[in-house]
Amino acid sequence: APPSSTRKRIPVEVTNDGAHFASSEDARFDYVDAPAVDAFAPSMGPERGTLVKLRGRRFSRSTVCAVDGVSVPTTVLSSTLLECTVPPLTPGAYYLAASNDGVQFESAAQSFRVYSLERVTRLVPRRARGGSTIVVRGANFVNTSFTKCRFGDQDVEASYVNTSAISCIVPHGEGNTTVGVASNGVDFVGDVSFTYAPSVSIEKV
């Protein structure tokens, strides 16, 4: 189709001799506005796949997301927000894009990073009071400011130590729970057992 500066529907005509044209009410071509992708979150995810939200402009009911040019399941939440399912991928950098016609895609400025799935093997110590610092041992931890630990249903910030260790400050709680880790702050892995130690209070000296 030739370029157009306006959004419109036009008839499509065909000819065999270049002089006589035939058209049909069912043969129509729609010009649609190209979408724009401004940002997305999370900016990275594990190799098993993740759900990403794209923010931008001119999204419509027909908008689809793509990862390196391959369309993926998409939910249109509004004209400025999409929810895209990034499939399992090998670690590396990938471009996220959106299209209103399924053919021409507009990419985000930055790439989406896929990392190796983390493994959580143990906690040191496995019993501590709220406010204490524990070390989570495992593998494939990523040096990023997004990393979080999850104690049951409580998420706390984590500090990267190296690829096999991160540290977390224990939130206040009681009883037994489990601890998991997410390098992107969203996709948690691991369910290692943890016990809250009772708080110590000094009534008088």
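Anyway, here's the lowdown on the structure attached to this text. (Residues numbered from 1 in each chain as written. Predicted model: local features only at pLDDT ≥ 70, side-chain atom pairs only at ≥ 80, totals over all residues. Heavy atoms only, no water.)

Applying the stated rule across the entire model yields two salt bridges. Between Asp38 and Arg57 there is a salt bridge; the shortest N-O distance is 2.9 Å. Taken together, the positions of Asp38 in strand S3 (residues 36-41) and Arg57 in strand S5 (residues 50-57) put the pair 19 residues apart, joining distant regions of the chain. Note on Asp38: relative accessible area 42%, which makes it partly exposed. Given the relative accessible area of 41%, Arg57 is considered partly exposed. Asp155 is the partner of Arg150 in a salt bridge, and the nearest nitrogen-oxygen pair spans 2.7 Å. (Salt bridge = Lys/Arg side-chain N within 4 Å of Asp/Glu carboxyl O. Helix = DSSP H or I, 4+ residues; strand = E, 2+ residues; numbered from the N terminus. Buried < 20%, exposed > 50% of the residue type's maximum accessible area, 1.4 Å probe, protein only.)

Our next topic: the environment of Leu123. Along the chain, Leu123 turns up in strand S14 (residues 119-124). A relative accessible area of 5% places Leu123 in the buried class. The sequence separation of Leu123 and Val192 amounts to 69 residues, and the corresponding C-alpha distance is 7.4 Å. When neighbours within four sequence positions are excluded, Leu123 is seen to be in contact with Ile134, Val135, Val136, Val179, Val192, Ser193 and Phe194. (Contact = heavy atoms within 4.5 Å.)

Moving on, we get to the state of the cysteines. Inspection of every chain in the model, using the stated rule, returns two disulfides. Each sulfur of the disulfide joining Cys149 and Cys168 lies 1.7 Å from the other. In this pair, Cys149 is assigned in strand S17 (residues 148-151) and Cys168 in strand S19 (residues 165-169), connecting sequence segments 19 residues apart. Here the two residues Cys149 and Cys168 agree in accessibility, since each one is buried. Sequence-ordered numbering of the bonded cysteines in the chain gives a disulfide pattern of 1-2, 3-4. (Disulfide = S-S within 2.5 Å.)

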